[in-house]
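# Structural overview
The residues making up each chain are set out below.
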Number of protein chains: 2
Amino acid sequence: MELLITYDVDTTTADGRRRLRHVAKACEAYGIRVQKSVFEVVCRDADWVLMKQRLLDIIDPEQDSIRVYVLQRGTFVSAEHIGQSPPAPHDEPLIY
Amino acid sequence: MELLITYDVDTTTADGRRRLRHVAKACEAYGIRVQKSVFEVVCRDADWVLMKQRLLDIIDPEQDSIRVYVLQRGTFVSAEHIGQSPPAPHDEPLIY
């Protein structure tokens, strides 16, 4: 499955900044960062179950938000990038 | 068409903060903000042509980046939201 994960984590506190680092780390374990708080993940359903639990354990649901879009295969490759540092196109899983 | 628009605008300068406000305003004219720099847009192809030009006129391509995902109809409604302030689900155009 192709997932687009975007998140807003409150960074006004030290704990928020810690959560931000951990959310990014969790996403990096499964996908590719394409913008500061936007990750493209190609994974199996089971991986998403694990990843979601990990994210739930990290965030403060009162302060932070994560959005997950389940995309049709090929959406990443056809995404349009305007401006600096376009990531390399990919549509293969990073984890095997 | 359903578009997911995500952006990173450099906010370390006053000009960057101005660009950020203008990018957000351009996106608000066509869609719904679901996170700080994530917008969901339901529009016609012609609207996207106008919107894209407006965004191109605003950003500094050396500093900022915008990603645009063309999504299958219904992706917004099935998006998963974890944490605070979930936006109202929508899949109708805001502009007529």
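Conventions we followed
- Residues numbered from 1 in each chain as written.
- Chains lettered and ligands numbered in written order.
- Predicted model: local features only at pLDDT ≥ 70, side-chain atom pairs only at ≥ 80, totals over all residues.
- Heavy atoms only, no water.
- Phe/Tyr/Trp six-rings, centres within 6.5 Å; stacked < 30°, edge-to-face > 60°.
- Helix = DSSP H or I, 4+ residues; strand = E, 2+ residues; numbered from the N terminus.
- Buried < 20%, exposed > 50% of the residue type's maximum accessible area, 1.4 Å probe, protein only.
- Salt bridge = Lys/Arg side-chain N within 4 Å of Asp/Glu carboxyl O.
- Least-squares fit on C-alpha atoms with pLDDT ≥ 70 in both.
- Expected span 1.5 Å × (residues − 1).
- Contact = heavy atoms within 4.5 Å.
- Buried area = accessible area lost by both parts, 1.4 Å probe.
- Pairing = 2+ DSSP bridges.
- UniProt positions renumbered as here; feature names shortened; annotations may be inferred.

Here we come to the packing of aromatic side chains. Considering all chains together, one arrives at 4 aromatic pairs over all chains under this definition. Both rings, one in A:Phe76 and one in B:Tyr69, keep their centres 6.4 Å apart while their planes meet at 70°; by these two values the pair is edge-to-face. In this pair, A:Phe76 sits in helix H3 (residues 75-78) while B:Tyr69 sits in strand E4 (residues 65-71), so the two residues belong to two different chains. No difference in accessibility class separates A:Phe76 from B:Tyr69, as the two residues are buried.

In a structure, side chains of opposite charge can pair up when their charged atoms sit close to one another. Residues and elements named next belong to chain B. Across all of its chains, the model carries 14 salt bridges over all chains by this definition. A salt bridge links arginine 33 to glutamate 28; the nearest nitrogen and oxygen atoms lie 3.6 Å apart. The class of arginine 33 is partly exposed, set by a relative accessible area of 38%. Residue glutamate 28 is classed as partly exposed on the basis of its relative accessible area of 41%.

So, about the relation of the copies chain B and chain A. Both copies of the chain are related by a screw-like operation: a rotation about an axis and a shift along it. In the superposition of chain B on chain A (RMSD 0.0 Å, axial shift 0.0 Å), the rotation amounts to 180°. The two molecules are tied by a two-fold rotation axis, judged by turn and shift.

As a further point, take helix H1 (residues 14-28) of chain A. Because each turn of an α-helix spans 3.6 residues, side chains separated by three or four positions end up pointing in the same direction. Taking 1.5 Å of rise per residue, the 15 residues of H1(A) would be expected to cover 21 Å, and the 21 Å separating its terminal C-alpha atoms lies within 8% of that figure. Along its buried surface, H1(A) packs onto strand E1 (2-8), strand E2 (31-35), strand E3 (38-42) and helix H2 (45-58) of chain A.

This paragraph deals with the interface of chain B and chain A. Listed as interface residues are 34 residues of chain B and, on the opposing side, 34 residues of chain A. Summed over both sides, the interface between chain B and chain A buries roughly 3,100 Å², with carbon and sulfur atoms accounting for 51% of that surface. Together, B:Arg67, B:Glu80 and B:Ile82 form the three largest contributors to the area buried by chain B at its contact with chain A, with a combined 24%. For the pair chain B and chain A, the interface holds 4 salt bridges.

Residues and elements named next belong to chain B. Here strand E2 (residues 31-35) pairs with strand E3 (residues 38-42) via 4 bridges, running antiparallel. In the strand pairing of E3, glutamine 35 is matched with valine 38. Counted along the chain from E2 to the antiparallel partner E3, the turn is 2 residues long.

Per the UniProt record, the feature "binding site: Mg(2+)" (unreviewed entry) sits at A:Asp8. Counting through the fold element by element, A:Asp8 comes out in strand E1. With residues near it in sequence (within four places) discarded, A:Asp8 still touches A:Asp64, A:Ser65, B:Gln35 and B:Lys36.

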